[in-house]
Amino acid sequence: MSSESRANTHAWPEWLPLRNDLKGQSPYGAPQLPLEVKLNTNENPFSLSPDLVAKLSAAISSSAKNFNRYPDRDAIELRTELAKYLNSTTGMNLDVDQIWAANGSNEIIQTLFLAFAGAGVNSLGFTPSYSMHENIARSTGTNWIIADRLSDFSIDISSALTQISKLKPKLVFITTPNNPTGTSTERSDIRKIIEATAQVGGLAIIDEAYAEFSEEPSNVKLLDEYLNLVVIRTMSKAFSFAGVRVGYLSAAKEVVEALQLVRLPYHLSTPTQLLAKVALEFQGELLAEVEQLKIERKKVVGELNSLGLNVVPSSANFLLFSIDNEKKIWQELVNAGVLVRDVGIAGHLRVTIGTPSENDRFLAALREILSASKGEK
Ligand SMILES: *Cc1c(COP(=O)(O)O)cnc(C)c1O
């Protein structure tokens, strides 16, 4: 269990008709501490360029007088641009009716649970992974089955296939590159899981939030082969757009049609749709920054290794590294103005790749902490 889903000690008042199954829960969320170097939520560290900011402002200015009207309920223009983006980066030929967009991929995930799961239905994921899959399973009353990973964080494929055929989950989640480990799942294992899930009438959901940071081909490629595959993407990471909240998926058009039965009408605001379209126009500039982050990732891995720390191989914009006394080190980094993430894996911390100067500050602080603790021994 990750540290962000602690048991709630809050005592709810008698009069509040809160669902029984929620009473022991606490809200999801990494600590938002006002520190100078924030490397805890895998955001893109680069702020938006003046050019992009100007275009975003102009888009709002020219449409603001029409904010008395509801937005395009089906976000057709945005979904068309998202299809173009996926097609140009994967060589696919996806149609707008194979794309759905929402307020962050978290809303995408929630919409999937609402349409395809719920009380009495099983869903399955491979832990450690992104805890929102499990949290949304819980908030929609869906059973969540934890399938374990091996010690190198890869999926135990034979046990996965057994669990899928026995427990018949309607939704099976694979996050690749995985959060919080950074590791990728091999294409051959992904195929086996999609096929086993099809056998039991379920959908395989691949969360590709970090796809742009990976050298491996996107699983969007597999949509031509498998009807029961859903690939989720987000603009929160590679596109530097976490504050705007845009996530999307690609899947068979029947999946997208089904989601429209449960989505809220006008869920995606006019500003959100406009801003996302502008960001997609700037994809060249934004994806160039992704390349810079990959170079920084390599640098930080090298530096952590030179401090004697093991780093889990990462295809994402963060690193999971081994360290003794992780809770104490986390606090000492906070004291030095650097926020990383304790993801609840014993002997590990996760650090997001920041700007070159943020990474240097993190590494300098860590070096100092480790040499001070050596001195104490
Ligand atoms: C960060 C992240 C997301 C992004 O969620 P948004 O709601 O799009 O901001 C989705 N999935 C995983 C695995 C993530 O790490």
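Residues numbered from 1 in each chain as written. Predicted model: local features only at pLDDT ≥ 70, side-chain atom pairs only at ≥ 80, totals over all residues. Heavy atoms only, no water.

Let us now look at the overall build of the chain. When helices and strands are counted, the chain shows 11 helices and 11 strands. For the chain, the C-alpha atoms occupy an extent of roughly 60 × 55 × 55 Å along the three principal directions. The proportion of buried residues among the 377 residues of the chain is 53%. Within the chain, residue pairs in contact and separated by at least 24 positions form 73% of the contacts whose partners lie at least 6 positions apart. Carbon and sulfur atoms provide 53% of the accessible area of the chain, an area that totals close to 17200 Å². In the chain, which carries 37 positive and 43 negative side-chain charges, the distance between the mean positions of the two groups comes to 3 Å. (Helix = DSSP H or I, 4+ residues; strand = E, 2+ residues; numbered from the N terminus. Buried < 20%, exposed > 50% of the residue type's maximum accessible area, 1.4 Å probe, protein only. Contact = heavy atoms within 4.5 Å. Areas by Shrake-Rupley, 256 points an atom, 1.4 Å probe, with all protein chains shown as cover. Lys, Arg positive; Asp, Glu negative; His and termini not counted. Charge placed at Lys NZ, Arg CZ, Asp CG, Glu CD.)

Per the domain assignment, the segments making up the chain are domain 1 (20–49 + 284–376) and domain 2 (61–281). If you average the C-alpha positions of domain 1 and of domain 2, the two centres end up 25 Å apart. Residue-level contacts link 28 residues of domain 1 with 29 residues of domain 2. Carbon and sulfur atoms supply 62% of the area buried between domain 1 and domain 2, which totals about 2200 Å² over both sides. Broken down residue by residue, the surface that domain 1 buries against domain 2 is led by Tyr28, Leu286 and Ser315, which jointly contribute 24%. (Domains from an automatic or database assignment. Buried area = accessible area lost by both parts, 1.4 Å probe.)

What follows covers unusual backbone geometry. The omega torsion of the bond from Thr127 to Pro128 falls at 0°, within 30 degrees of zero and hence cis. Inspection of the secondary structure assignment puts Pro128 in the loop between strand E3 (122–127) and helix H4 (131–139). Going from Asn179 to Pro180, the amide bond is cis rather than trans, its omega being 15°. Position of Pro180 relative to the elements: it lies in the loop between strand E5 (171–175) and helix H6 (187–199). Despite not being glycine, Lys168 has its phi angle at roughly 50°, a positive value. Counting through the fold element by element, Lys168 comes out in the loop between helix H5 (157–167) and E5. Residue Lys168 is classed as partly exposed on the basis of its relative accessible area of 47%.

In this section: the site of the ligand. The environment of the ligand is formed by 13 residues, the closest being Ser105, Tyr210, Thr234, Ser236 and Lys237. Asn106 places a polar main-chain atom, nitrogen or oxygen, 3.0 Å from an oxygen atom of the ligand. Asn179 places a side-chain nitrogen or oxygen 2.8 Å from an oxygen atom of the ligand. Expressed as a share of its isolated accessible area of 390 Å², the protein-covered part of the ligand is 94%. The dominant element in the shell around the ligand, judged by the number of residues it contributes, is helix H3 (residues 104–116), at three residues. Here the shell around the ligand is built from residues that sort into three nonpolar, seven polar and three charged. (Near = heavy atom within 4 Å. Polar contact = N/O pair within 3.5 Å; in protein donor to acceptor, adjacent residues only side chain to side chain. Nonpolar A, V, L, I, M, F, W, Y, C, P; charged D, E, K, R; others polar.)

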